[in-house]
Amino acid sequence: MINLLDNLNEKQREAVIKTEGPVMAIAGAGSGKTSVLTTRIAYLIFEKNVHYENILAITFTNKAANEMKYRVHHTTGINTSQMWISTFHSMCAKILREHIEFLGYKRSFQIIDDDDVTQLIKGILKKSGYDVKIYNPKVVKSYVLKLKFNYDLLEDIEEPFKSVVKSTFKKYQDSLFDNNLLDFEDLLVLTIKLLETNHELRKFYSKKFQYILVDEFQDTNNVQYKLISLLVGEKNNLFIVGDEDQSIYAFRGANIENINKFKRDYPDFHLVLLEENYRSTNTILDAANQIIKNNSKRVPKTLFSNLGKGSKITHFKGVTARDEVEFVALKILELIRKGYKYNDFAILYRANSTSRMFEEVFMQKQIPYRIYGNTSFFKRREIKDFTAYLRLIVNMDDAYSFMRVITTPKRGIGAVTLDKLINFAAEEGLDLMDAIDRASEILGKSVCTKLADFKNLIIDFRIKLDELSFNDFVDYILNESGYAKSLENDDKGMVRYENLLEFKTILSENEQIYSDLTKEDILVYLLEDISLKSEESQKEIKDGVTLMTLHSAKGLEFRVVFLVTMEMGMFPLNRSMQSKKDFEEERRLMYVGVTRAKELLFLTNANVRQTYGETSQNQDSCFIKEISNNLLNVKGYYEYIDKPYKEVNFFSNKTLNKAKKDNLRNYKKNNLNKGDKVTHTKFGTGLVISITGDNCIIAFSHPYGIKKLLKDHPAITKN
DNA sequence: TGAGCGTACGCCCCG
DNA sequence: CGTACGCTCA
């Protein structure tokens, strides 16, 4: 066998062979952390004769888990589908699927996503008679979810929200339990509950997982930390890898303090520092270092590599957002001619919605691409409709799916009928399906028939699940439910139907993979997969430009990276600029983005862009200014801004004229002075407190308060 | 009951 | 600019 350690440097080797006891590896960006993790797993198996079933590796994203599985398989030849290499959430799902009956749930529980949670909470609020305009379901949801991790936080909420949240929390929990549903928080919380209340089980798992590895440790939250503590056995063979500079998930509860907690809880830990970077040129690393050093409260760390200086970083500023996108597209085509592959490129943005502009232009220019994120296959309406059918078939208690399915497609059963049915079911202590049998006690004859027809339809589907092949089963549901027919009147119907056929393929694939399970179990596993991997794109493109958020780019690397929409308000986001904590997280996000690039890095933005259908003008992102000029090559807007237009050859006259008009429109002078009273289209009346450069500070009345704005912004008018 | 239309509102990142 | 929701009318 080839020596596993041959390709590692001294520090990396140390991180691999120190297999016993707690180990903390601080791994800078690009320091070969994934190699260390995979080699360590291989080393445990081959050198320490540890059985692969006794290893647990936890990653943060599905993508990272897949990558690790692939690499472990590559180095060890082991069939990694049997190994516990997974995200926290899928690990929990796996444990709960086996043992959740101990907590009173049924094994066929279904996992719901964030949108479902919002809908459920909204429904509860409405039913309780709360005005959802005042008690925004999303706000209530965020409180409710926080309470799941720590109920004491209820005391921090102020009235009248406090009582609303309190009652909604209770009702929400009950409704999840009654419907046999779990949200993402439940996956963690219930696993902890299971391990804490069932000592046999805890003993079993902590004995089973003799070696635990946790990737991206800086992004774990308190609950995940607790979960790890419960699983770690007596020998404390816990290996964690992290980098505080890449902590970008505080918004969902990640707690950097966990690093200190680890130091306290495992005082005899061994520390390894991985600082040498194997990814990027020194120009890129210098820029990254210059940016991140502006953050307070960090252990100073400087990345270096021996990959040479490399090319300068390009800052391109377009006149409009369209120009920005065109530049990226043309630059990609230019580099393709020089021998780069589409796979070498990544376009990274702060918000998923940015992808649309790129999609348009890439389609037009026939640049192959793949988008990771939001508009994922499994979040499409038709797919959610169809999975609701499947969920109801395996889990008839699921009132949530029931409500979706019974009105999709419309079958003459409306809100009034359903309200009556729900109330009746609640009064009589029945579930909805049983309530249908007694519906004649409260409802007219014709609706009762419709309800009974619906119930029979679902029961029939349940029977057909065992009788038909999955392929036929899908067709059967689509036709018999009337869903296929309802698509005929939908102008996107064709696309939706094709998406559903795609789904058919996925089902058939699973039929082969899990051939030893019952059809029902296959369906349960499949639905679980869908909930946990909702971010996965539907089809793989062999060679294509990657479009993704900065968040999902963590852990990945590309030869050429474009960081786009580099403007104040876009990145860093407006909302983050209120608090230092949030702002520094944005900076870490920038650091993550920059360090994804191996050879070439482009920072792009535009002078004007459309947001919410309005033209807005933002300054360059402050993060660009944190990079010293000698590393930057500035192109676009700044080059020609003072020159006659004919000298500019990059832009078409059309875009230029439009931009010119936009510019003129934007450049109307408000002529503000300190002490002026103004009216803002959004914030109402205010008083100008001060003026500095292009900006001014205006005090608006409650709830807007003091804002820093562009003094000539069209939204402002002098009174 | 539900199709069709007009209005309001959105503010982000993930499993 | 989009979409989601609510209101009106058939």
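First, a word on scope: everything that follows refers to the structure included in this document.

Conventions used here
- Residues numbered from 1 in each chain as written.
- Chains lettered and ligands numbered in written order.
- Predicted model: local features only at pLDDT ≥ 70, side-chain atom pairs only at ≥ 80, totals over all residues.
- Heavy atoms only, no water.
- Salt bridge = Lys/Arg side-chain N within 4 Å of Asp/Glu carboxyl O.
- Helix = DSSP H or I, 4+ residues; strand = E, 2+ residues; numbered from the N terminus.
- Buried < 20%, exposed > 50% of the residue type's maximum accessible area, 1.4 Å probe, protein only.
- Core = buried A, V, L, I, M, F, W, Y, C linked by side-chain atoms within 4.5 Å.
- Contact = heavy atoms within 4.5 Å.
- Axes fitted to C-alpha atoms, helices over the stretch in contact; angles between N-to-C directions.
- Parallel < 35°, antiparallel > 145°, perpendicular 65-115°, else oblique.
- Nonpolar A, V, L, I, M, F, W, Y, C, P; charged D, E, K, R; others polar.

**Considering the pattern of salt bridges**
Considering all chains together, one arrives at 39 salt bridges under this definition. Among the salt bridges present, the one from Lys226 reaches Glu196, with a minimum N-O distance of 3.2 Å. A residue pair is termed long-range when its members are at least 10 positions apart, and Lys226 in helix H10 (residues 222-231) and Glu196 in helix H8 (residues 184-197) qualify at 30 residues. Among the residues examined, Glu196 registers a relative accessible area of 37% and is labelled partly exposed. A salt bridge links Arg322 to Glu326, with the nearest nitrogen and oxygen atoms 3.4 Å apart. Taken together, the positions of Arg322 and Glu326, both in helix H13 (residues 321-337) and four residues apart, correspond to about one turn of that helix. On the basis of relative accessibility, which here comes to 32%, the residue Arg322 falls in the partly exposed class. What makes Glu326 buried here is its relative accessible area of 16%. Three or more residues joined by partner-sharing salt bridges are found here, namely Lys33, Asp215, Glu216, Asp219 and Lys554.

**With respect to the nonpolar core**
Soluble, globular proteins show a tendency: their nonpolar side chains are buried together. Ranked by size, the top nonpolar core spans 47 residues in total, and within it Phe386 and Phe402 carry the most contacts. If sequence neighbours within four positions are ignored, Phe386 has contacts with Val474, Ile477, Leu478, Leu500, Phe503 and Leu507. Tyr105, Leu182, Ile192 and Leu201 belong to the second-largest nonpolar core, a separate cluster that totals 42 residues.

**Let's talk about the packing of helix H15 (residues 381-394) against helix H19 (residues 445-467)**
One way to put it is that H15 packs onto H19 with a least axis distance of 9 Å and a crossing angle of 80°. In terms of orientation, H15 and H19 fall into the roughly perpendicular class. Where H15 approaches H19, its residues Tyr389, Leu392 and Ile393 are matched on the opposing element by Phe454, Ile458, Phe461, Arg462 and Leu465. Residues belonging to the contact of H15 with H19 are distributed by class as follows: seven nonpolar, no polar and one charged.

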